[in-house]
Structure formats: C-alpha cells, structure tokens
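Results of the structural survey
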Amino acid sequence: MEENTVKPGLFEKGGKLGWLHSTWDAFDTFLRVPATVTSKGSHVRDSIDIKRVMIIVVLALVPAALFGMWNVGYQHNLAVGDLPGFWSQFWWGLWKVIPLYLVSYIVGLGIEFAGAQIKGEEVNEGYLVTGMLIPLIVPVDVPLWMLAVAVAFAVIFGKEVFGGTGMNFLNPALLCRAFLFFSYPSAMSGSQVWIARRCGADAITGATPLSYLTEGQGAMDAISNAGFSFWNMFAGTVPGSVGETSVIAILIGAFIIIWTGVASWKIMVSSVAGALLVGWLGTAFGVTDVPAYYQLVMGGFAFGTVFMATDPVTSAQTERGKWIYGFLIGALCVTVRFFNPGYAEGMMLAILLMNTFAPLIDHCVTSSATKRRARKVSIA
Amino acid sequence: MLRKGLNIPINGEAALETMRTIAPDIVAVKPTDFKGFSPRLLVAEGDKVLAGSPVLADKQNPAILLTSPVSGTVKEIVRGEKRKLLAVLVKADGAGEVVDFGVKDPGALTGEEVKKALLTSGLWPFIIQRPYGVVANPALTPKAVFVSAFSTAPLAADTGYVFNGELDAIQAGVTAVSKIAKVHVCVNGEGSAFAGLKAAAIHTVVAKKHPAGNVGVQISHISPIKKGETVWTLSLLALAAIGKLFTQGKVVLGRKVAVTGPAALKTGYVDALPGTPVSALEGCFDPEVENRFVSGDVLSGESVGKDGYLGFFDNQVTILREGRDREILGWANPLRFNQFSSSMAYFSWMLPKKKYNMDTNTHGGRRAFVCSDVYGKVLPMDIFPVYLIKACLAGDIDKMEQFGIYEVLPEDLALCEFVDPSKNDIQAIISEGIGLMIKEMA
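1. Focus on the environment of Val151 of chain A
- By the element assignment, Val151 of chain A lies in helix H6 (residues 144-158).
- Apart from the residues within four sequence positions on either side, Val151 of chain A is in contact with Val103, Ser104, Val107, Gly108, Ile134 and Cys176 of chain A.

This is the structure:
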C-alpha cells in the first residue's frame, strides 16, 4: 500500500501540489487502473472504459501512419528522381512526420491538461485519437507554427469551450484541417503542397489524382496520363495527405474498429453507398468519365469515411440516423468533387457539414419514433 | 423474441440445496425498501407485536401499513440523518404468534374486499405502481397487473426451486388480485410451471438474455404505459404471500433466499424472512475480507453493508469483494483474460463459457457519453436510452416524457449502466429523473 503514502501528501486536494491534481491523476490512472469502486447502481461493471476505446482507435491508425511515413519518403524520392531502398525512404518520411506528431501532441495535450486543471476534472482521453489523426490529414510540409495554431484553435474552440470530449459537435481533427485550409490556403491547396521538399529546393509539382477530377469528360485520360491507376491509388503510392493515400492500410484499421465495435459499420457502408450513387449519377449525366468506384480510392474519402465520419461523438447517435448521416457524407463529398474546381477534396467539408446536421437528423429520427410509439394500440 | 440483452457471466450461482433455516434474533422492518412511502410510527420501543401487527403507516395514505413479519417486542427505532426513519428492529420471541386475518376463498371476494385484506395485513406495499415504481395507490384502478414468472437477473434465485410447492398459493394470489384488475403473467416458454395459471392472461416470452425477465421490459412489449395510465406489478414472492394470506389466514413472509456471488464461500439457499440480518449468513463469507453485501442482484440490488438486512422484495443476497486493487496499465493490456467485457475490445468473447470472479471496481474513470450504440444493444425496449438519460440529466420534463420515462424504472437500464464505457451512474440518473417527474406532475 505504499502508493497511499505518495498520493495524498503531495497531489491530493489540499496537498502541497494539490493544484496539479488533474495532471497527477491523468498519469496515475494512465499507469494503473483506478481503485474506485462502484458507489451507486450496478455493483459490477464491464471492464471497458474510454481509455480502452481510444487506444483501439489509435492502434487502428497505426497501419495508415506507418504507410504514410514510407510514402512521404517514396513520393519525395520519385519527385527528385532518386530511388534509394525501402528503409531509407521510410526513415526520410519518419523524420518528416515525427515533428508533426510532436507539435500535435504537445500543443493539444498541453491545452487538454490545462483545461482539465482549470475545471478540476479528470483529463479526457479524446485527444489521444485527435492527436493521432491530425498529422495524417495535413500536407507533410505544413509549417509547424501553422499546425500549432490550428491545433490550439481546434482544441479550444472545437472542444474545450463545449465541455471537452463528448460534448463537442464538430470533429476536432477536421476542424484543425479546416482552420489551416481557410486561414492559410497557400499552404494547403494547389498542386505544390503534397510532396515534401528539401529546404530551399524549388517547388515540385505533386498534383494529386483528385486535382484532375474537375476536367470533366477528359478526367480519366488526365488521371492515367499522370500515372495514376485504380490499383496504385488503392495501394496508396500516390501523393496526398500523410495518412489518406493507402486504402489497404485504412481497410486494416477499418477492420479493427468495426470488429471491436468502436466505430459504426453502418456509417461506413452508407457513406460508400452515397459516394457510389453520386459517382454513378456523375457518369450517367456526363459530368465526368471517371467510374464511380474510383471515387472510393481517391483523396481522403476512405480515410474520412473510416476514421472521421465514424467519430461516435460528432456523428448521428441513432442507428437509423447513422444510415442517413453516412449516406449524405458520401454523396456530398463526391458532389463537391464534381463541382468545386478550386478545391476538389470534398470529404472534409462534407463531414463537417454533416456534423452540424447530425443533431437535426437524430431529432427527426427520435421524433418519428415517438410518434410511432404513441400510435401503438394498447391491448390490455 | 427478445434478442437484445446480456447475461453477465459472474461466478457464484447458488447450489440447489437448502442449507438451513435462519430464525433470526432481530428482524428489521425497513420503510426504505418502499418508494413513495413516508413512514409514520405506530409502535414505540418495548411494544409487543405479532406477525402481522402494524408497525408503520404511510403519512399520505394511512390505510397503507407495514406489518411485522415475526412476533416479539420492538427493540429499537433506527434513525439516520435528519431523523429519517430507517428501520424498526423487532426482537423475535420465537413464539410464532400471528394476527389471525381469517381464511377466505379468494374466488368469492370482491375487488374492494381483496384491497382491504391486503391493506390491513401489510401486504399491500408488495404492489408496485408504474409509472415511477412507487407503492400502489389503493384509490386507483390500474389498467392491468403484470407479473413476471421468471427472472433473468445475474445469479437470480432459481424460480423452479424456490417456488416448488407454492403453486397453489400463487394461484390463490392471482385469483385474488384478478378481482382488482386483469392479471398478465409472463412465462419463459410453454414448459413453465406457471403457464397453467388460471384467471390470468399468460404471455410466453422467448428470450434467454437479461433483462427479458424484467417486468418493465415485458410491459413495454405487451401494453406500453402511456401518459395518464397506471399499471401495477407483483412478483411471484408477493403472489405467494397474498395467496397464503387468504388460504392460511396469516401473514407468511418466509421465503427461500439464494446466497450467491463470487465472494460467497458457500452458495445455496436459506429459509429466511425479509429483514433478516445478512450477518446471519455466517459461514457463507470470509469475515476477514472487505466484502459488499447486496440484497438482490448485482445490477439493481441494494448494498446493505455487513450489518444490513435482507430487503422486503428480495430473495437473493449477493456477496462481492470490494475491488480496490490497482492493475498496471490495465486499459492497454491486450489480454486480461480474467476481466469480462461485453464489447469485442477485450478477448472475453473467445471464452463464452467462462464465469468471472467479478468485484466492485469501476474499471475506469467517469467521462461524458462518447459511444452511442452500446446502450441500445442491451435494452430490448423501444426507447432511446441515451436520450432518456440526457433528458433526466437536464431535468427536461417534456423530453423525459417523449423518451419514455413512464415505461422505465432504474432496474430496466441497469445493463446500460453495466456496459457504459463512460462509467455513468445511469440508474441513479433515471431515479433522479423519476423523482423530478413525481414532484412536477403531482
């Protein structure tokens, strides 16, 4: 019982370092399961907790992150015309991505801890996932100070002002990306940002497959002329945000979070259905000649569908609502891709828009269920 | 067919043997077992009481009485904070003297006569009124009376074993209550001993998982409670006591009580009265270990402490170890084969037959609601649990009504509380919501 001699003296409320209680508690419960016993209601509890839920999502993101690191190196080497071995590409990418992670976690967790300290609450685990996501959805060369500002904005105004994880209505990681996109458009769009350059080197054109989509009927030719095929987009050896390119790595993650029940398969399935339907309408009405299934492997669609749309806090909460919410995300994303030549990546805006509509969808679902219940005939 | 739900694989099911009859020295009459009952004392310390003598009356409705289950003398009136009346302790004299209520044929009585007999004998508070789960108001006539003839709660007493030989008493009880309102009995399958009860509508529930045995779940599938309606519920235990009141003319509250739980050294059944001290179960638990004594099941029972007493409605005591140890990096350990989780986030799905020595650890800290689909999977009712819980938290009467507060009692959402990764005290939240409804709608 030696732990009892350390904890109350120093970090308990009233102790010398009592003002650091939340921080102490976060590290303490991170290392060891808290000794709290049930006080009300059910005397025994399931062994799952939010820490476990979050760590599973982090695990599911690891394949996409590792692949992304290698691909950063690979794309760079392709662009400069020098192709060393697998490991040197991976190391090159690793050293580009690690700073993004450092900034993301130090700034984000710092604000989370400070927020919990001010409110005197326990530190939420939500940022473990957000911090893992953010470096995967930004261009690898984004200036670190911009990233820090965006992370701070997303955590403070996307989450903390609403009361922390579970109370926010916008996905904080996407909010971070949206902040970068609208505040620093030059660093976030165009064809120059997607491949890491060495300092001082001239800009290398690194157009993503998406940027050809707006060419309408000639898009398919443009995509294949640029060297992109369905299979290399599926495998992920194309330029793009760090974690979004490899559909294979994303599918591994999808399997993990669907199997463990952490994310809703309904949202993923309906989002794919929405994208395919609008993609097919696009070809049927001559908007584009890119087959609908290409939409699933291009840009951030797969990553957004699996890891962002399914965020349990900001998605629809009702089971029926999830079908509607997912479908509209897929449909909106492809619609934006067709009609927005300035910025063809529709996924971010589709998800953020549907985040704001999710409560409305749920409201419609719950009120229609209530009306249905009221009509039930009483037989007794 | 109710598919949703969860059977918690907890160790310590009661062996099908009766270990002994407990004739306790002290028996407690606890007004705290009854919701909506504000007690007024009818006895003073030192008074002599018989089995069936009134001890407490309800302040709002003085016709509702609680009576002593044994004969003896009133030893102590136990009060808590603000002089709240917690229990009346009766020292049993072992003489077994009873108040004679007269043998009657329940089939020949009117509804009013049945009500009067239940009120004077102190059996009336067995009737729970929904919405809100309070002691029934004798001035009302309910839409129907519901009885669940099986239990799916964790480690629940075996219905076939504890009511073996009580079928006639239960039938007499059903006949009596059917004079007040139509009785619906839910049985689990055609083979149930209670499928042949007369004077009642029998409903067969096909389900293997908890909470299908909860009467609230059954009501919501047979005849959902709407605003302005009232429904009464009775347990088999209550029907047996009511039946015996008429066939034997006295108050017989003795019952077979299952002694269960992973921390029970010896499981089995004892014959005991409500209000029996749990300390009388000596030999069934290790007095050196910090145990929790639950009157009832692990989900909705009351922690009564080692000096506590068996509740009026309960025929089960669950003994659990207090889980105060601290596992290193528990949330990250991929294996944890000794921890049960209903989610696939642990590997307990690989061991579907395993029973777990569960303790009272919460296995995590309290958080805001994050996951949205885990709750509905264990609640076979047509309601949105998270919306109802949030409406209760917000104290929003309209929303509570919309999301089905009339249909639920805390026990119906107990499994939602069990599986909640955010570790909210959902039953307490629902209970507070119901308290607010009672206050506002009065």
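From this point, the narrative continues.
2. Description of the confidence of the model for chain B
- Residues at a pLDDT of 70 or more form 98% of chain B, whose mean pLDDT is 92.
- Both confidence scores are given for the complex: pTM 0.90, ipTM 0.89.

3. Comments concerning the domain arrangement of chain B
Residue and element names in this part refer to chain B.
- Annotation of chain B at the domain level lists domain 1 (1-21 + 103-323), domain 2 (22-92) and domain 3 (362-441).
- For domain 1 versus domain 3, the distance between C-alpha centres works out to 24 Å.
- Each partner contributes residues to the interface: domain 1 has 21 residues there, and domain 3 has 22 residues.
- Across the side of domain 1 that touches domain 3, the residue classes break down as 11 nonpolar, seven polar and three charged.

4. Considering the nonpolar core
- Membership of the largest hydrophobic core comes to 236 residues, with the highest contact counts inside it found for Ala241, Val259 and Leu388 of chain B.
- The dominant element in this core, judged by the number of residues it contributes, is helix H3 (residues 50-80) of chain A, at 13 residues.

5. Looking at the pairing of strand S5 (residues 54-58) of chain B
Residues and elements named next belong to chain B.
- In terms of strand pairing, strand S3 (residues 39-41) meets S5 through three bridges, oriented antiparallel. Paired with Pro39 across the two strands is Asp58, which belongs to S5.
- Relative to strand S6 (residues 65-67), S5 runs antiparallel, the two being bridged by three bridges. Counterpart to Pro54 in the pairing with S6 is Thr67.
- With antiparallel pairing between neighbouring strands as the criterion, S5 and S6 make up a hairpin whose turn holds six residues.

6. Re the sheet that holds strand S19 (residues 316-321) of chain B
All names here are of chain B.
- Taken in spatial order, the six strands line up as S1-S16-S15-S19-S17-S18 in an open sheet, and their pairing is mixed. With one partner strand each, in any of the chains shown, strand S1 (18-21) and strand S18 (302-303) form the two edges of the open sheet.
- Bridging between strand S17 (residues 291-295) and S19 involves five bridges; their strand directions are antiparallel. Note that in S19 the partner of Ser295 across the bridge is Val317.

7. Description of helix H2 (residues 21-31) of chain A
Residue and element names in this part refer to chain A.
- Among the residues of H2, His21, Ser22, Ala26 and Thr29 are the ones counted as buried. Seen end-on, H2 carries its buried residues on one side only, within an arc spanning 135°. The outward face of H2, more than 90 degrees from its buried face, is lined by the exposed residues Phe27 and Leu31.

8. What about helix H5 (residues 236-248) of chain B?
Residue and element names in this part refer to chain B.
- Look at H5: 17 Å from first C-alpha to last across 13 residues, which is about the 18 Å you get at 1.5 Å a residue.
- H5 sits mainly inside the fold: 11 of its 13 residues count as buried.
- Residues of H5 that are buried: Leu236, Leu237, Ala238, Leu239, Ala240, Ala241, Ile242, Gly243, Lys244, Leu245 and Phe246.
- Residues of H5 that are buried make contact with helix H1 (111-121), strand S11 (145-148), helix H2 (159-162), helix H3 (167-177), strand S14 (231-234) and strand S15 (255-260).
- Count one or two residues on from H5 and you reach Gly249, which has phi positive near 75°.

9. Structural notes on the pairing of strand S16 (residues 268-272) of chain B
- Bridge count for S1 of chain B against S16 of chain B is three bridges, and the pairing is parallel. Its bridge partner lying in S16 of chain B, Thr21 of chain B is registered against Asp271 of chain B.

Thresholds applied
Going along each chain's sequence as written, the residues are numbered from 1 onward. Working convention: letters from A go to chains and numbers from 1 go to ligands, in the order in which they are written. Under the rules for a predicted model, residues below a pLDDT of 70 receive no local features and side-chain atom pairs below 80 are neither given nor counted, while totals for whole chains, interfaces and linings still include all residues. Secondary structure elements follow DSSP: runs of H or I no shorter than four residues count as helices, runs of E no shorter than two count as strands, and numbering proceeds from the N terminus. Think of it this way: build a C-beta for each residue from its backbone, and any pair within 7 Å is a contact. The predictor attaches a confidence to each residue, called pLDDT, with possible values from 0 through 100. Each domain's extent is set by a domain assignment, obtained either automatically or from a database. Residues are grouped as follows: nonpolar covers Ala, Val, Leu, Ile, Met, Phe, Trp, Tyr, Cys and Pro; charged covers Asp, Glu, Lys and Arg; every other residue, Gly included, is treated as polar. Core membership is restricted to buried Ala, Val, Leu, Ile, Met, Phe, Trp, Tyr and Cys residues, and these are joined into a nonpolar core through C-beta atoms within 7 Å. With C-beta atoms placed from the backbone, a residue counts as buried when 20 or more other C-beta atoms lie within 10 Å of its own, as exposed when 12 or fewer do, and as partly exposed for counts between those limits. If DSSP finds at least two bridges between two strands, the strands pair. Taking the helix axis as origin, the arc is that swept by the directions to the C-beta atoms. Multiplying one less than the number of residues by 1.5 Å gives the expected span of a helix.

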